[in-house]
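# Tertiary structure, described
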Amino acid sequence: METDLQELLRSLRVWDPEVTELPPFDPDSTPDAPLPLFTRWFAEAVAAGEREPHTMSLATADAEGRPDVRIVMLHGADDEGWAFATHSGSRKGRQLAGRPYAALAFYWPLRGRQVRVRGRVSVAPPERARADLHARSTGALAAALTGRQSEVLGSLEELAQASEAAWSRARREPESDVSSWTLYHLLPAEVEFFQGEARRRHVRLRYRRTPDGWSRELLWP
């Protein structure tokens, strides 16, 4: 039987009360900067049982300004910005080289929360990228060694052969270097925190960087 997309969409519900908690959010009690609030919300997402709270959408733009988006992993967040990594020759790597600005979006449905981050992206020193890669799993190193991300693939057999060779090297040489592996930091100009509310009175709090620090303002939902 052919799947009816519209019927499936109509059958879905957002924030099922049996599994979702929509906690109150008081913007007046928030910290002066966004990072402490992000850290708190991230810890609460983990405690709530979110399966992959560290996954995030990364949006970039190509030379013509056309947007692109994909899911990547958060590698950390500090005063330098929100960190992620990829090959410099991948599509997102090339786009960031040409237009070093990006946006991130986190979605934690068990808490009815989103966090959006926008700003300029910088490249970390190569030694930081190497440390980042070698702090990850053998599989992550094997994937990095496989390389050629975003290039056209001739067949799945070609991928399997390259992957097997990369896994073998990753186990044999766990300190292998991957020169294209690049660590990026997105230094936010804006960070928005969205808290869902059962009657759709969603609370949106936006931090904006100013010469004097961070400003805070509410947005209509």
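Residues numbered from 1 in each chain as written. Predicted model: local features only at pLDDT ≥ 70, side-chain atom pairs only at ≥ 80, totals over all residues. Heavy atoms only, no water.

## Side note on the overall build of the protein chain
Counting its secondary structure elements, the protein chain contains 6 helices and 9 strands. Reported as C-alpha extents along the three principal axes, the dimensions of the protein chain are approximately 60 × 55 × 40 Å. Residues classed as buried in the protein chain amount to 35% of the 221 residues present. Sequence-distant contacts in the protein chain: of pairs separated by 6 or more residues, those separated by 24 or more amount to 65%. Only carbon and sulfur atoms are counted for the fraction: they give 52% of the accessible area of the protein chain, which is about 13600 Å². Looking at charge distribution, the protein chain has the averaged site of its 30 positive side-chain charges lying 3 Å from that of its 32 negative ones. (Helix = DSSP H or I, 4+ residues; strand = E, 2+ residues; numbered from the N terminus. Buried < 20%, exposed > 50% of the residue type's maximum accessible area, 1.4 Å probe, protein only. Contact = heavy atoms within 4.5 Å. Areas by Shrake-Rupley, 256 points an atom, 1.4 Å probe, with all protein chains shown as cover. Lys, Arg positive; Asp, Glu negative; His and termini not counted. Charge placed at Lys NZ, Arg CZ, Asp CG, Glu CD.)

## Let's talk about the pairing of strand S8 (residues 203–210)
Relative to S8, strand S7 (residues 181–195) is paired through 6 bridges, and the arrangement is antiparallel. If you follow Phe-193 over to S8, its bridge partner there is Leu-205. Taken together, the 7 bridges between S8 and strand S9 (residues 213–219) define a ladder with antiparallel strand orientation. Residue pairing for S9: Arg-209 is matched across the bridge by Trp-214. Where S8 folds back onto S9 in an antiparallel hairpin, the turn is made up of 2 residues. (Pairing = 2+ DSSP bridges.)

## Some remarks on a nonpolar patch on the surface
Taken together, the side chains of Leu-5, Leu-9 and Leu-12 define a hydrophobic patch exposed on the protein surface, amounting to about 320 Å² of accessible area. Residue placement: Leu-12 occurs in the loop between helix H1 (5–11) and helix H2 (34–48). (Patch = residues over 30% accessible without salt bridge, like charges linked within 9 Å, V, L, I, M, F, W, Y side chains within 5 Å. Salt bridge = Lys/Arg side-chain N within 4 Å of Asp/Glu carboxyl O.)

## Section: the nonpolar core
Counting residues in each nonpolar core, the largest one holds 26 residues, and the members touching the most others are Phe-38, Trp-82, Phe-84, Leu-104, Phe-106, Val-115 and Phe-193. Elements with a minimum of two residues in this core: H2, strand S1 (55–61), strand S4 (81–87), strand S5 (101–108), strand S6 (113–123), S7 and S8. In terms of residue count, H2 provides more of this core than any other element does, 5 residues in total. Apart from residues lying up to four places away in sequence, Phe-193 is in contact with Phe-25, Pro-34, Leu-37, Phe-38, Trp-41, Gln-114, Val-115, Val-203, Arg-204, Leu-205 and Tyr-207. (Core = buried A, V, L, I, M, F, W, Y, C linked by side-chain atoms within 4.5 Å.)

## Side note on the side chain of Arg-113
Tracing the backbone through its elements, the reader meets Arg-113 in strand S6. Residue classification places Arg-113 among the buried residues on the basis of a relative accessible area of 3%. Within the structure, the side chain of Arg-113 is placed 2.6 Å from the side chain of Glu-44, a separation counted as a polar contact. Leave out the neighbours within four places in its chain, and Arg-113 touches Pro-23, Trp-41, Glu-44, Phe-106, Tyr-107, Trp-108, Phe-194 and Gln-195. (Polar contact = N/O pair within 3.5 Å; in protein donor to acceptor, adjacent residues only side chain to side chain.)

## Remarks on the pattern of salt bridges
Tallying each qualifying case throughout the model produces 18 salt bridges. As a salt-bridge pair, Arg-169 and Glu-173 come within 3.4 Å of each other at their nearest N and O atoms. Take Arg-169: its relative accessible area is 33%, and that puts it in the partly exposed class. The partly exposed category is assigned to Glu-173, whose relative accessible area is 33%. Between Glu-217 and Arg-208 there is a salt bridge; the shortest N-O distance is 2.9 Å. Judged by relative accessible area, Arg-208 falls into the partly exposed class, the value being 35%.

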